[in-house]
Amino acid sequence: MSTISYFFSRLLQIIPTFLIVMVIIFLLVRALPGDPAIAMADAKATTEQLEQIRQRLGLDQPLWMQFGIFVKNVFTGNLGDSILMKAPVTQVILERLPASGFLTLYAVLFSLLIAGPLAFVAALNRNTWLDTSIRTAFQVGLSTPVFYIGLLLLTFLAAQLRWFPVGGYGTTFLEHMYHLLLPALTVALYTSAIIMRNLRSSVIEVVDAEYVQFARAKGLPERIILGRHVLRNALISTVTLLGLSIGNLMSGTLVTETVFAVPGVGRLMLDAIFARDYPLIQGLTLTFAVLVSIIFLLTDLIQAWLDPRLRVA
Amino acid sequence: MKKLLMATVAAAAMFSAVPSMAIERGGSLTFARYDDSTLIDPIYADRNPDIWMVTNLYDTLLRTEADGKTVTSGLAESYDVAEDGQSVTLTLRDGIKFSDGTPIEGKDVVFSLTRASDADLSPWAGLLSSIDEVTADGNQVTIKLNRPDPTIVLMLATFNTAIVSADAFEAANGETDQEKAQSIAIDGFVGSGPFMMKSHQRGTLMQFGANPHYWREGEDGEPLPYMDGINFLVIPDDATRILKLQAGEVDGAEFIPFARVGELEADQNINMELFPSTRIIYSPINTRETRADGSANPLADMKLRQALNYATDKNALVQLVLQGAGKPVSSGLMASTTQLATDNGPIYQYDLDKAKALIAEAGVPDGTELTLTILAGSADDAIILSALQQMWSQIGIDLNVEQVDGPTRGAKNRSGEFDIHTYGWVNDVNDPAQVAGWLGYYPTAKAVGTGWNNEEFNSLYEASNVEMDPAKRAEQYARMQDIYNEAAPLLFMYETPFAVALSSDVQGYVQTPLGNNEFASTWIDR
């Protein structure tokens, strides 16, 4: 099978995923106790006013009708109006998505820069003091809560030394780079630990593989062995992991976004849940589903490129 | 004219609190907020981050002083309530203008008040249910009422009756009134307050600029505001907001956790302000005979509720939760800063013997289990829980816990599926009718979900809502508070101030007891 038809068959698989996500999220948000009217007017509205709000939001209609409207809207590219933000859901999400995307890519870049070289160093110096100290350092990074690392960085590097701004996002590309450096680093300390461990064990596995020993026996220079044979094969499982992490990070940098006041979608999702903002929660979940599907698709494509055996599957 | 003079005297009195420094004009302030505004419009403001900003952008016909109680002139230079209480006449000031330079006229007032009292549009319309019709003739505005309403004057000094431009709404893009309001906020702001919206990047930055056509004068005889503008940054995390202030990146930070107040008070570069508020923390008690699951509810017995109140050391709670920056409530029904609040010192002062006697009278067996529903993730609630567990174990109450999020707690309050749960309140209006209606009047929301239904209280409340004689109304309120305190449908707890930390060069900033952020008279001393 060619890469192109592989691509299309993978693309088709996304559609049922998407439908299932829509049904589940629609039912799940409504299964939560409390509703948008309660969340909006919790300690203010009379019983009568709550009913008025529900009517205005169409929450008094039967579930199947609400679902019908939701599906119809999605297929016409309209995700409705956010109850909390009092603005169209698509607009609200598009405003917040860039910050999360920027932070995620920035963090992934950092993770690779940190984890890649160190994983090789650790693997090639297996069980020496070098390997042990690298692994211990990452273990500490992995087991320290993200908000704590974030606050430490903010307190020392930003508030005291004034090298960086205390949170925020900025307005230009360079400002984003500057403002998001500490949050990206915070996220990367965690992510790189996972990638490093995985990459290190893959490298160890590959280095011992027969084809590498064969390459070495052929007398190929170590540079080519490491670059062409070891790296490419060791990366296969790491790419999967990386894809999963990006998917997680896009929606899951909530703590980092809060501590560093980054206006991203993680924070938005939390606000939406606390406001029981059904349209916004649905819109965000769909957005995450699309993003994660795209990332997994790309992951699969990269893997297929790295490992031709996968294209047949 | 008398009113105008009153306003001037009062304004002078307010500023005399500020050391006699020459006011400096210009510059802009950067202020860190805990949450962003969504839509700052008099009628669509339904969350505190919106409500508390409205009067910076839209002026009201009348205003309240910094104490939040005294009514003074606003866009209207005078007002007159008819003898029979059936109408209010107001005279608009000469030469007042919207931020786009167009005059503020009778038709704008008619439009604004009609819009504000339309129940299909405004969630606050219930507060204006006495309004029958609003008409204007030149600069005279007449509000015809369908019944005498002792709260109407205060309502005209409240954010939801602030004046918007009828022409701007007519010209704005959008089908519905809300879409038009949104479009005015984003595409072309027109307002009547001291500031105007310059830009708003949701979740990050909101910028206000000075309204060049604002009427009210500052201490130097020039129109307010003193500053050229304000930048609001959204910093949801408490610790980050404080760091941002300490690093000098912002000039002010709101909602300082009380645990950090002492540390910031010691900082010479920071002016730690604790503004008196109408915020009360209390816990509704389910007073129904049976619980939602059908089991018998021991809390239906008033004596047990009183015993719990006596067994709760409120001073200890104030120390534990607020580090002393607050006080136990002196009226069960409202904060002491509210009009007509009874204040004879704290109610239900800690008295273990009384609590034990009451619990014996009620015949509540030792080891009776009650459940306290608290907000998951709230540090304050966690402290309250462990304190109450210890305090109440003294009278043989075994306190369990249930942790939920805000909307779940709200839903439980409405359905009565709770024993006791933590809650809070801030007045939006300084007339006590709003808070008394919410906490005690059964038809509003079952007396804050407690199910407490007292006929005498209800009829007093109804009578007080049409009582035009201030003395009689005060008597009714005194009686209502007595009934309420005795019946104890709540665990009465404490009042808290608003904690705002400002850079020491910021002068004249006020957060009113209602929570409104007042920046018009704020200036920066360089």
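The rules we used
- Residues numbered from 1 in each chain as written.
- Chains lettered and ligands numbered in written order.
- Predicted model: local features only at pLDDT ≥ 70, side-chain atom pairs only at ≥ 80, totals over all residues.
- Heavy atoms only, no water.
- Helix = DSSP H or I, 4+ residues; strand = E, 2+ residues; numbered from the N terminus.
- Salt bridge = Lys/Arg side-chain N within 4 Å of Asp/Glu carboxyl O.
- Buried < 20%, exposed > 50% of the residue type's maximum accessible area, 1.4 Å probe, protein only.
- Phe/Tyr/Trp six-rings, centres within 6.5 Å; stacked < 30°, edge-to-face > 60°.
- Lys NZ or Arg CZ within 6 Å of the ring centre and 35° of its normal.
- Contact = heavy atoms within 4.5 Å.
- Buried area = accessible area lost by both parts, 1.4 Å probe.
- Pairing = 2+ DSSP bridges.
- Axes fitted to C-alpha atoms, helices over the stretch in contact; angles between N-to-C directions.
- Core = buried A, V, L, I, M, F, W, Y, C linked by side-chain atoms within 4.5 Å.
- 1 Å grid on protein atoms, 1.4 Å probe; cavity = no way out; pocket = protein on both sides within 12 Å on 5 of 7 lines; lining within 4 Å.
- Points joined across faces, edges and corners; volume = space filled by probe spheres on them.
- Nonpolar A, V, L, I, M, F, W, Y, C, P; charged D, E, K, R; others polar.

Draft legend 1. The arrangement of unusual backbone geometry in detail. In this structure, the amide linkage connecting leucine 224 of chain B to the following residue, proline 225 of chain B, adopts the cis form with an omega of -5 degrees. Unlike most non-glycine residues, alanine 261 of chain A shows phi in positive territory, near 50 degrees. Summarising the element assignment, alanine 261 of chain A is placed in the loop between helix H12 (254-259) and helix H13 (265-274). Although it is not a glycine, alanine 447 of chain B sits at a positive phi angle of roughly 45 degrees.

Draft legend 2. Examining the pattern of salt bridges more closely. Here the structure, examined in full by the defined rule, presents 26 salt bridges over all chains. Taking the shortest distance from any N to any O, the salt bridge between arginine 135 of chain A and aspartate 131 of chain A comes out at 3.4 Å. One end of the pair, arginine 135 of chain A, and the other, aspartate 131 of chain A, are both in helix H6 (residues 129-143), four residues apart, so they sit about a helical turn from each other. Arginine 135 of chain A gets classed as partly exposed once you look at its relative accessible area, which sits at 37%. Judged by relative accessible area, which is 0%, aspartate 131 of chain A ranks as buried. A salt bridge links aspartate 238 of chain B to arginine 241 of chain B; the nearest nitrogen and oxygen atoms lie 2.8 Å apart. Of this pair, aspartate 238 of chain B and arginine 241 of chain B both sit in helix H8 (residues 238-246), three residues apart, which is roughly one turn of the helix. On the basis of relative accessible area, arginine 241 of chain B is assigned to the buried category, the value being 0%. Where salt bridges share partners, they join Lys86 of chain A together with Asp35, Asp46, Arg47 and Asp50 of chain B into one cluster.

Draft legend 3. Focus on the packing of aromatic side chains. Tallied over the full model, the rule gives 31 aromatic pairs over all chains. Taking the centre distance of 6.0 Å and the plane angle of 15 degrees together, the rings of phenylalanine 26 of chain A and phenylalanine 70 of chain A count as stacked. One end of the pair, phenylalanine 26 of chain A, is in helix H1 (residues 3-31); the other, phenylalanine 70 of chain A, is in helix H4 (residues 63-75), with 44 residues separating them in the sequence. Phenylalanine 70 of chain A sits in the buried class, given a relative accessible area of 8%. Judged by centre distance (5.3 Å) and plane angle (15 degrees), the ring pair of tyrosine 106 of chain A and phenylalanine 110 of chain A falls under stacked. With a gap of four residues between them, tyrosine 106 of chain A and phenylalanine 110 of chain A both fall in helix H5 (residues 89-124), about one helical turn apart. Within the aromatic cluster, the residues linked to one another by ring pairs are Phe31, Phe195, Phe208, Phe232, Phe275, Tyr509 and Phe519 of chain B. It is arginine 30 of chain A that lies over the ring of phenylalanine 26 of chain A; its NZ or CZ is 3.8 Å from the centre.

Draft legend 4. Quick look at the interface of chain B and chain A. Contact with chain B, which involves 46 residues of that partner, is made by 41 residues of chain A. Between chain B and chain A, a total of about 3,400 Å² is buried, with carbon and sulfur atoms accounting for 54% of that surface. Its largest share of buried area at the contact with chain A, chain B owes to Arg202, Pro407 and Arg414 of chain B, together 20% of the area lost on that side. Where chain B touches chain A, the interface holds four salt bridges. Two residues, aspartate 46 of chain B and lysine 86 of chain A, come together in a salt bridge whose shortest N-O distance is 3.1 Å.

Draft legend 5. Molecular detail of the pairing of strand E1 (residues 28-33) of chain B. Residues and elements named next belong to chain B. Most of E1 sits out of view: five of its six residues are buried. The pairing of E1 with strand E10 (residues 229-234) spans six bridges and is parallel. Residue phenylalanine 31 lies in a different strand from E10, and its bridge partner there is phenylalanine 232. Taken together, the two bridges between E1 and strand E11 (residues 252-253) define a ladder with parallel strand orientation. Within the sheet, the bridge partner assigned to alanine 32 lies in E11 and is alanine 253.

Draft legend 6. Here's a closer look at the sheet that holds strand E15 (residues 397-404) of chain B. Residue and element names in this part refer to chain B. Pairing is parallel in the open sheet, where three strands are placed in the order E15-E14-E16. Whereas interior strands pair on both sides, the edge strands pair on one side only; in this sheet they are E15 and strand E16 (420-421). With two bridges joining them, strand E14 (residues 368-375) and E16 adopt parallel strand pairing. The partner of threonine 373 across the bridge, within E16, is histidine 421. Across the sheet, helix H13 (residues 379-393) touches E14, E15 and E16, and the angle it forms with E15 is around 165 degrees.

Draft legend 7. Quick peek at the environment of isoleucine 93 of chain A. Residue and element names in this part refer to chain A. Relative to the helices and strands, isoleucine 93 is located in helix H5. Under the relative-accessibility criterion, isoleucine 93 is labelled buried at 3%. Among residues more than four places away in sequence, those in contact with isoleucine 93 are Val265, Leu280, Gly283, Leu284 and Thr287.

Draft legend 8. Fine view of the nonpolar core. Residues and elements named next belong to chain B. Core analysis: the largest hydrophobic core is formed by 83 residues, its most contacted members being Trp392 and Leu439. For this core, the element with the most residues is strand E18 (residues 490-503), which contributes seven residues. Residues contacting leucine 439, with those up to four places away along its chain left out, are Ile280, Tyr282, Gly332, Leu333, Ala447, Val448, Tyr484 and Leu490.

Draft legend 9. Layout of the sheet that holds strand E5 (residues 87-92) of chain B. Residue and element names in this part refer to chain B. Read from one edge to the other, the open sheet built from four strands follows the order E4-E5-E7-E6, with strand pairing classed as antiparallel. Each edge of the open sheet is held by one strand with a lone partner, namely strand E4 (76-81) and strand E6 (131-137). Geometrically, the sheet is characterised by an average inter-axis angle of 15 degrees between neighbouring strands, direction not taken into account. Taken together, the five bridges between E4 and E5 define a ladder with antiparallel strand orientation. Bridge pairing links valine 81 to valine 88 in E5.

Draft legend 10. Representation of empty space enclosed by the protein within the structure. All names here are of chain B. Counted according to the given criterion, the structure contains two cavities of 30 Å³ or more. Empty space within the largest cavity amounts to approximately 170 Å³. In terms of lining residues, the largest cavity is bounded by 19 residues, among which Thr55, Arg63, Thr64, Asn516 and Glu518 are the most central. Where the lining of the largest cavity is concerned, the elements lending two or more residues are helix H3 (54-57) and strand E2 (62-64). Broken down by class, the residue content of the lining of the largest cavity amounts to seven nonpolar, eight polar and four charged. One number sums up the size of the second largest cavity: a volume of about 30 Å³. Ile280, Ile281, Tyr282, Val329, Gly332, Leu490, Phe492 and Met493 together form the lining of the second largest cavity. For the lining of the second largest cavity, the secondary-structure elements that each account for two or more residues are strand E12 (270-284) and E18.

Spatial relationships are all this shows, so hold off on functional conclusions.
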